[in-house]
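Structural characterization, general
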Amino acid sequence: MRALAVVGVLIVAAAVFVIVAVVKDHQTGAAGDAKKCAEGSVVADAKLPTQEDVKVTIFNATNRPGAASDVANDFLSRRFKEAKVVTAAPNPPPNKPNDVVAIIRFGPATVGAAWLVRAYFLDQARPEFDKARQDDKVEIILGGKFRQLPTTTEVNQAIAALGNPELPEGTCAKDEG
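These numbers were taken from a predicted model, which means no experiment stands behind them. (Residues numbered from 1 in each chain as written. Predicted model: local features only at pLDDT ≥ 70, side-chain atom pairs only at ≥ 80, totals over all residues. Heavy atoms only, no water.)

Attention now moves to unusual backbone geometry. We note that arginine 79 has phi near 70°; this positive angle belongs to a residue other than glycine. Positive phi is not limited to glycine here, since aspartate 123 has a value of about 60°. Relative to the elements of secondary structure, aspartate 123 occurs in the loop between helix 4 (111–119) and strand 5 (126–129). Looking at aspartate 123, the relative accessible area reads 37%, which means it is partly exposed. (Helix = DSSP H or I, 4+ residues; strand = E, 2+ residues; numbered from the N terminus. Buried < 20%, exposed > 50% of the residue type's maximum accessible area, 1.4 Å probe, protein only.)

Okay, structure coming up:
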């Protein structure tokens, strides 16, 4: 009998505690407040997409003819939505990027996509974010240190190591709702 009385008191105390916590909750909606952009920030899509949603444009800045075509074919065989080869890089670096594996250029609409593409270069590519960019493509400029794309297992390990996409400076998360 005593045990039932103790259990009953605990249930009543728990119910009172929950009711008080709900009534005294003065949050105005953490999700709504957290997603407001600071003045001058641009809205960026940092959601990690699947390969089927990613479009890439590839430029060859290596000394190997056909490297961009080979990479484009590799991306297409890995189910990327689009992989185009362009012969001349827009806004080319002052000289050939011999000191990097690749340069990944992207805008606010492709933050998550660029994060995924980084995994295909085992996070050894140099990211270049342009907040004025309006397209839905990720540009890849193959550099002098590029040899080949890694295996699917290595890419999956790189995705796990990179974790969730991070927003570049001057951006805020796109409202998913």
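The tally for this structure, following the rule as stated, stands at eight salt bridges. The residue lysine 55 makes a salt bridge to aspartate 136 at a minimum N-O spacing of 2.8 Å. Of the two residues, lysine 55 sits in strand 2 (residues 55–60) while aspartate 136 sits in the loop between strand 5 and strand 6 (137–142), which places them 81 residues apart along the sequence. Taking relative accessible area as the criterion, lysine 55 reaches 18% and is therefore assigned buried. Salt-bridge contacts for arginine 133 lead to aspartate 135; the nearest nitrogen and oxygen are separated by 2.8 Å. Residues joined in a network through salt bridges with shared partners are Arg105, Arg126 and Glu128. (Salt bridge = Lys/Arg side-chain N within 4 Å of Asp/Glu carboxyl O.)

This paragraph deals with helix 5 (residues 152–162). Here helix 5 has its buried residues at Val155, Ala158 and Leu162. Burial along helix 5 is one-sided: seen end-on, the buried residues are contained in an arc of 60°. Turned more than 90 degrees off the buried face of helix 5, the exposed positions are Thr153, Gln157, Ala160 and Ala161. Contact partners of the buried residues in helix 5: helix 4. Positioned one or two residues after helix 5, glycine 163 has a phi angle of 75°, which is positive. (Arc of directions from axis to C-beta. Contact = heavy atoms within 4.5 Å.)

This brings us to the sheet that holds strand 6. Taken in spatial order, the five strands make up an open sheet running 3-2-6-4-5, and their pairing is mixed. Sheet topology places strand 3 (82–86) and strand 5 at the edges, where each strand pairs with a single neighbour. Sheet twist, expressed as the average angle between the axes of neighbouring strands with direction ignored, equals 20°. Here strand 4 (residues 102–106) runs beside strand 6; their pairing, made up of four bridges, is antiparallel. Its bridge partner being in strand 6, isoleucine 104 is matched across the sheet by isoleucine 140. Strand contacts of helix 4: strand 2, strand 4, strand 5 and strand 6, with the helix running at about 165° to strand 4, the strand carrying the most contacts. (Pairing = 2+ DSSP bridges. Axes fitted to C-alpha atoms, helices over the stretch in contact; angles between N-to-C directions.)

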